[in-house]
Amino acid sequence: MEPLTAEKISEKIREIEQRVGRLSPMQKILIGTDGSVTNLLEMATGHPVGITTLVQEVVAADPTTAAALEIEPGDEVNYRVVELRDSVTGEALIYAVSRTPLRRLAPEFRQDLMRADIPIGRILCRHRIESRREITDARIVQAGTDLARTFNIHRCESMLSRKYRIIHREEPLIAIEEVFPCTAFADDIRVLVDAPSRIHITLLDMNGRSGRVDGGVGVALDEPGCVLDARKSENIGVHGGDEVARRRVAEAARAVMEGLCLPGGAEFTLHTTAQRHAGLGSGTQVALAAAAALCRLYDRDVPVYDLVRVVGRGGTSGIGTAAFEQGGFIVDGGHRFGPSGDKQDFRPSAASRGIAPPPVLARHRFPEDWHILLVTPDIGAGAHGGREVDIFRTHCPVPLEEVRELCHEVLMRMIPGLIEHDLDLFGSAINRTQALGFKRVEVAMQHPVVPSLLEATVQAGAAGAGLSSFGPTVYAVGDSGMEDVARAAKEVLGDLGGSVILTKARNCGASMREE
């Protein structure tokens with residue numbers, strides 16, 4: 001394992017900055033230092049650093065560990081996972097994993113290493129061990145469950161990671177990985193937004209004879225979602241995500257800058273987003289997350305309703321907007337329709353800019369013990385752009401009798417099932433809506449795997465299953481036994497491939513925090 005030269009370390013830092021934006025001097029020092037991290041942390045915080053040991057055990061070296069430590073696979077290694085914390089504030093500073101070959105340790109060193117309260121740097125000093133540090137890697141990793149718990153952050157947030165070896169007598173004595181959040185040790189304020197995605201159960205009235213059109217029913221999701229952070233900048237810059245997501249962030253930010261006459265822009269980092277054009281509302285969440293972060297940076301208190309109009313969302317369905325603001329199970333009331341109404345024809349949200357988001361008619365908490373399985377087959381994007389516009393134009397208005405039955409299903413079965421915690425009633429209403437109104441059109445235009453998934457997930461035990469928006473994501477709702485439903489979905493996907501995610505509803509809207 002070759003150590004990184006100073007030039008290579010600088011190159012690694014530049015690669016990291018391309019993904020998450022500019023690093024602070026302190027962050028660069030923590031990535032590139034060949035000295036004691038404990039001492040650096042104590043100088044930076046002005047407080048002693050304490051250790052919380054999470055794991056301390058002797059294990060057999062796997063091939064990767066053996067290669068890093070230049071030992072034989074199966075050799076005994078002390079495996080230690082610790083949190084370095086500010087001993088005054090209790091704040092987690094660094095999460096560190098170390099591996100040490102026991103046969104290279106003197107008995108006194110080994111005894112101290114096995115204790116739970118001594119940083120490795122101090123052990124080296126105590127035993128006057130002459131050593132040097134070789135940095136072997138620096139990169140971005142995703143937090144995941146354990147790191148999210150340690151640092152009290154979202155599991156999808158980006159983390160800075162560096163690996164190095166402590167060399168003693170020209171042999172690796174310890175291999176270490178240290179990790180900390182990208183928002184830690186920064187030299188400017190960052191606003192981080194965690195926005196939910198949603199399932200869109202159905203549009204209610206795509207007939208329009210009532211004088212209203214659209215209307216929607218949906219549920220905010222705990223994950224996948226959109227997580228981004230922003231910090232002040234003269235202009236707009238976006239890191240992370242794919243090109244389309246970056247463009248959406250930039251467009252929303254520019255619209256807010258111009259619409260609210262903000263004195264500056266922001267540098268954004270996208271940590272994660274829901275798959276686009278999959279029926280999960282990723283476009284709305286990305287745009288609103290960027291807009292909300294920018295307003296918080298410049299101390300502008302702007303209602304979500306006004307932000308939606310600025311960024312041009314919510315022109316057909318209000319579910320994504322309400323999910324961002326409130327979360328939970330949502331029913332919206334659509335738009336006035338006709339020559340004097342908000343809308344004069346049938347159009348999707350992306351082609352309905354300048355139209356105010358619809359009113360929320362009902363919002364309820366989704367039961368905490370109900371699970372939602374999301375199955376997204378790898379069959380390409382759902383209908384969007386010009387094709388989606390054409391579908392609305394050629395398939396609307398839908399039959400009025402289907403609209404009436406659909407509204408009856410929602411009002412007298414779906415909502416009562418939710419409020420009375422009757423999963424079977426709620427699920428059966430979901431199942432029936434797949435054959436009514438515009439949802440019938442959406443389902444009929446799908447790849448054959450979609451109806452197969454709808455059938456298989458219900459047969460495997462889900463109370464109900466449906467197509468979210470224009471798909472291709474299928475959702476299934478149940479309580480216990482969702483592992484069986486997931487297995488059935490994977491069998492249907494087969495060689496076609498795709499993602500299967502078990503999640504829950506989110507009963508609150510987007511969250512923001514400052515770092």
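Residues numbered from 1 in each chain as written. Predicted model: local features only at pLDDT ≥ 70, side-chain atom pairs only at ≥ 80, totals over all residues. Heavy atoms only, no water.

Visitor: Provide a residue-level description of the side chain of lysine 343, including the pertinent values.
Guide: Tracing the chain through its elements places lysine 343 in the loop between strand E12 (335-336) and strand E13 (360-364). At 3.0 Å, the side chain of lysine 343 forms a polar contact with the side chain of aspartate 214. (Helix = DSSP H or I, 4+ residues; strand = E, 2+ residues; numbered from the N terminus. Polar contact = N/O pair within 3.5 Å; in protein donor to acceptor, adjacent residues only side chain to side chain.)

Visitor: Could you give me a rundown of the pairing of strand E7 (residues 191-205), with the residues and numbers involved?
Guide: Counted residue by residue, E7 has 15 buried out of 15 residues, so it is predominantly covered. In this antiparallel pair of consecutive strands, E7 and strand E8 (residues 212-233), the connection spans six residues, and glycine 208 shows a positive phi of 90°. Where E7 meets strand E18 (residues 511-514), four bridges bridge the pair, whose relative direction is antiparallel. Following the sheet pairing, leucine 192 is matched in E18 by arginine 513. (Buried < 20%, exposed > 50% of the residue type's maximum accessible area, 1.4 Å probe, protein only. Pairing = 2+ DSSP bridges.)

Visitor: Describe the sheet that holds strand E16 (residues 474-478), and please don't skip the residues or the numbers.
Guide: Overall, antiparallel pairing links the four strands, which are arranged E15-E16-E14-E17 in an open sheet. Both outer strands of the open sheet, strand E15 (464-467) and strand E17 (498-503), are each paired with one neighbouring strand and no more. Neighbouring strand axes in the sheet, compared pairwise and without regard to direction, differ in orientation by 15° on average. One ladder, built from four bridges, connects E15 with E16; its direction is antiparallel. (Axes fitted to C-alpha atoms, helices over the stretch in contact; angles between N-to-C directions.)

Visitor: Describe the packing of aromatic side chains, and please don't skip the residues or the numbers.
Guide: One pair of aromatic rings is described through two measures. These are the centre distance and the angle between the planes. Going through the model one piece at a time under the given rule, you end up with eight aromatic pairs. On the numbers, 5.5 Å between centres and 85° between planes, the contact of phenylalanine 366 with tryptophan 370 is edge-to-face. The same class applies to phenylalanine 366 as to tryptophan 370, namely buried. When the centroid spacing of 5.4 Å and the interplanar angle of 45° are considered together, the rings of tryptophan 370 and phenylalanine 426 count as tilted. (Phe/Tyr/Trp six-rings, centres within 6.5 Å; stacked < 30°, edge-to-face > 60°.)

Visitor: Report on the sheet that holds strand E6 (residues 171-181), specifying residues and quantitative values.
Guide: The sheet built from six strands is open, its strands ordered E1-E2-E3-E6-E5-E4 with antiparallel pairing. The strands lining the two open edges of the sheet, one partner per strand, are strand E1 (49-60) and strand E4 (132-142). If you compare each strand with its neighbour and ignore which way they point, the axes differ by 15° on average. In this sheet, E6 lies alongside strand E3 (residues 92-101) in antiparallel orientation, the contact comprising five bridges. Looking at E6, one finds that alanine 96 is bridged to glutamate 178.

Visitor: Give me the lowdown on a negative patch on the surface, citing residues and values where you can.
Guide: A cluster of acidic side chains, namely Asp369, Glu420, Asp422, Asp424 and Asp479, defines a negative patch on the protein surface. Among the structural elements, aspartate 369 can be located in the loop between E13 and strand E14 (371-377). On the basis of relative accessibility, which here comes to 38%, the residue aspartate 369 falls in the partly exposed class. (Patch = residues over 30% accessible without salt bridge, like charges linked within 9 Å, V, L, I, M, F, W, Y side chains within 5 Å. Areas by Shrake-Rupley, 256 points an atom, 1.4 Å probe, with all protein chains shown as cover. Salt bridge = Lys/Arg side-chain N within 4 Å of Asp/Glu carboxyl O. Lys, Arg positive; Asp, Glu negative; His and termini not counted. Charge placed at Lys NZ, Arg CZ, Asp CG, Glu CD.)

Visitor: I'd love a proper account of helix H10 (residues 304-311), names of residues and values included.
Guide: What sets the pattern is the α-helix's 3.6 residues per turn: residues three or four places apart point alike. What H10 keeps buried is the set Val304, Leu307, Val308 and Val311. One side of H10 holds all its buried residues, which, seen down the axis, span an arc of 105°. In this fold, the buried residues of H10 make contact with helix H8 (243-260), helix H9 (282-297) and helix H11 (319-325). One or two residues past the end of H10 sits glycine 312, with phi positive at roughly 75°. (Arc of directions from axis to C-beta. Contact = heavy atoms within 4.5 Å.)

Visitor: Please give an account of the pairing of E8 that cites residues and values.
Guide: With 17 of 22 residues buried, E8 is to be regarded as a mostly interior element. Bridge analysis of E7 against E8 gives twelve bridges, and the strand direction is antiparallel. Across the sheet, isoleucine 199 pairs through a bridge with valine 219, a residue of E8. As paired elements, E8 and E12 share two bridges and run antiparallel to each other. Directly across from valine 213, in E12, lies its bridge partner histidine 335. When E8 meets strand E11 (residues 329-332), the two strands line up antiparallel, connected through four bridges. Looking at E11, one finds that glycine 216 is bridged to aspartate 332. As defined by bridge partners, E8 adjoins strand E10 (residues 265-272) across seven bridges and the pair is classed as antiparallel. In the strand pairing of E10, arginine 231 is matched with glutamate 267.

Visitor: I'd love a proper account of the state of the cysteines, names of residues and values included.
Guide: Under the counting rule described, the total for this entry stands at zero disulfides. The thiol of cysteine 295 is unpaired, and the distance to the nearest cysteine sulfur, on cysteine 261, comes to 12 Å. You can see cysteine 396 has no disulfide; the closest cysteine sulfur is in cysteine 407, sitting 14 Å from it. Using a relative accessible area of 10% as the deciding quantity, one classes cysteine 396 as buried. (Disulfide = S-S within 2.5 Å.)

Visitor: Let's hear about the packing of helix H13 (residues 400-419) against helix H14 (residues 423-433): which residues, and what values?
Guide: Relative orientation of the contacting elements H13 and H14 amounts to 155°, with a least axis distance of 7 Å. In terms of orientation, H13 and H14 fall into the roughly antiparallel class. At the point where H13 passes H14, the crossing takes the left-handed sense. Of H14, the residues touching H13 (which contributes Glu405, Leu406, Glu409, Arg413, Met414, Pro416, Gly417 and Leu418) are Leu425, Phe426, Ser428, Ala429, Ile430, Arg432 and Thr433. (Parallel < 35°, antiparallel > 145°, perpendicular 65-115°, else oblique. Left-handed = near helix turned anticlockwise from the far one by under 90°.)

Visitor: A description of unusual backbone geometry should follow, citing residues and the corresponding values.
Guide: Cis geometry marks the peptide bond from glutamate 223 to proline 224; its omega dihedral reads 0°. A cis amide bond links cysteine 396 to the next residue, proline 397, at an omega of 5°. When you line up the elements, proline 397 lands in the loop between helix H12 (385-395) and H13. With phi around 55°, arginine 169 is a residue other than glycine that occupies positive phi space. For arginine 169, the location among the structural elements is in the loop between strand E5 (158-168) and E6. In the Ramachandran plot, aspartate 214 falls in the positive-phi region, its phi being about 75° despite a non-glycine side chain. Structurally, aspartate 214 is set in strand E8.

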